[in-house]
Amino acid sequence: MAFFTISSTASDGYNDLSEIANNLSGITYGKGALMDGNKERLLGEILAQGGWTMVPLYACSIVALAVSIRKLIEYRALHLSDLSWFEEALNLIRLGDFNAVSGACNHRSHPAARVVCAAAKALTERPELAESEARRVAILEIQKLEKNLSLLSFIAQIAPLLGLLGTVFGMIKMFMDLQEAGNSSINLSDLSSGIWEALVTTAAGLTIAVPTLAIHDYLSSRLDNVRLHLGDIIQSIFYVAPRNQAKPEVTNGF
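### Some words on the pattern of salt bridges
Logical step 1: If you walk through the whole model with that rule in mind, you get 8 salt bridges.
Logical step 2: E74 is the salt-bridge partner of K71, the closest N and O atoms lying 3.2 Å from each other. One end of the pair is K71 and the other is E74, both in helix α4 (residues 54-77) and 3 residues apart, which spans about a single turn.
Logical step 3: A relative accessible area of 25% places E74 in the partly exposed class.
Logical step 4: Among the salt bridges present, the one from R126 reaches E128, with a minimum N-O distance of 2.7 Å.
Logical step 5: Residue classification places E128 among the partly exposed positions, given a relative accessible area of 34%.
Logical step 6: Because the salt bridges share partners, they merge into one network encompassing R114, E141 and K144.

Printed below as a string of structure tokens:
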């Protein structure tokens, strides 16, 4: 009797294992599927799987690249680190030779050159308004340098969100397809393919956002330095200007 009991238990255990094996067979690890996953894919083929959200991401990348190149060239052309000419202009202002200041600054591309020229002209024509005129010109120069920096900031913020949106839509589509296919057979190759295709947009969004944010921060730091230099230059001009010309005004900065 004990022998038949043991045999029956072993048979039941074998049947249970067979049932589990049959259930697991629904999850396939086909050799061909693994080989397909290991194949090298071209970047264009990968990005093409991102869906419609890749369109605004492409637009963001093109705009960010164009603005970044333009601003970098613009900042480089202005020679923002070169203030060697200012000492000569400051000496002319100290001597009261305001007409010669324009000659010393006219051929300089630095924004401060236009501020110095405006201050010298105002000291000649309207000394009581000279400082406010210098600050007005400085504000205009800062606004020129700031142009399109806000666009870079916007792209750096919106690109990851667009990528995440594409990933969410991709995951929704994948699970809807799995639901329509039923629960009888789940192909791991199709599952992993659906997941990485959904993640393509997130990767693309981050790839756009990271360098865009880096360039924005770099340009912003250069702009902050120019702002400080302009403030220092204006103070220097009216500190050395002849007292009968320079008439300090109470201002709140620019």
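There is more to say, and it comes next.
### Considering helix α6 (residues 98-105)
Logical step 1: What α6 keeps buried is the set F98, V101, A104 and C105. Seen along its axis, α6 keeps its buried residues to an arc of 90°; they face one direction. Exposed side of α6, more than 90 degrees from the buried face: N99 and G103 are the residues found there.
Logical step 2: In the core, the buried residues of α6 are packed alongside α5 (86-95) and α7 (111-125).

### Considering the side chain of T201
Logical step 1: Secondary-structure assignment places T201 in helix α10 (residues 188-240).
Logical step 2: In this structure the side chain of T201 is engaged in a polar contact, spanning 2.8 Å, whose partner is the backbone oxygen of G163.
Logical step 3: There is a polar contact of 3.0 Å between the side chain of T201 and the backbone nitrogen of T167.

### Looking at the packing of aromatic side chains
Logical step 1: If you walk through the whole model with that rule in mind, you get 1 aromatic pair.
Logical step 2: Ring geometry for W85 against F86: centres 6.0 Å apart, planes inclined by 85°, an arrangement best described as edge-to-face.
Logical step 3: Given the relative accessible area of 9%, F86 is considered buried.

### Side note on the packing of α5 against α6
Logical step 1: It is the contact of α5 with α6, at a shortest axis distance of 8 Å, that shows an interaxial angle of 170°. Classified by the angle their axes make, α5 and α6 are roughly antiparallel. In contact with E88, A89, L92 and I93 of α5, α6 contributes F98, A100, V101, A104 and C105.
Logical step 2: Of the residues that constitute the contact of α5 with α6, the class distribution is 8 nonpolar, no polar and 1 charged.

What counts, and at which threshold
Residues numbered from 1 in each chain as written. Predicted model: local features only at pLDDT ≥ 70, side-chain atom pairs only at ≥ 80, totals over all residues. Heavy atoms only, no water. Salt bridge = Lys/Arg side-chain N within 4 Å of Asp/Glu carboxyl O. Helix = DSSP H or I, 4+ residues; strand = E, 2+ residues; numbered from the N terminus. Buried < 20%, exposed > 50% of the residue type's maximum accessible area, 1.4 Å probe, protein only. Arc of directions from axis to C-beta. Contact = heavy atoms within 4.5 Å. Polar contact = N/O pair within 3.5 Å; in protein donor to acceptor, adjacent residues only side chain to side chain. Phe/Tyr/Trp six-rings, centres within 6.5 Å; stacked < 30°, edge-to-face > 60°. Axes fitted to C-alpha atoms, helices over the stretch in contact; angles between N-to-C directions. Parallel < 35°, antiparallel > 145°, perpendicular 65-115°, else oblique. Nonpolar A, V, L, I, M, F, W, Y, C, P; charged D, E, K, R; others polar.

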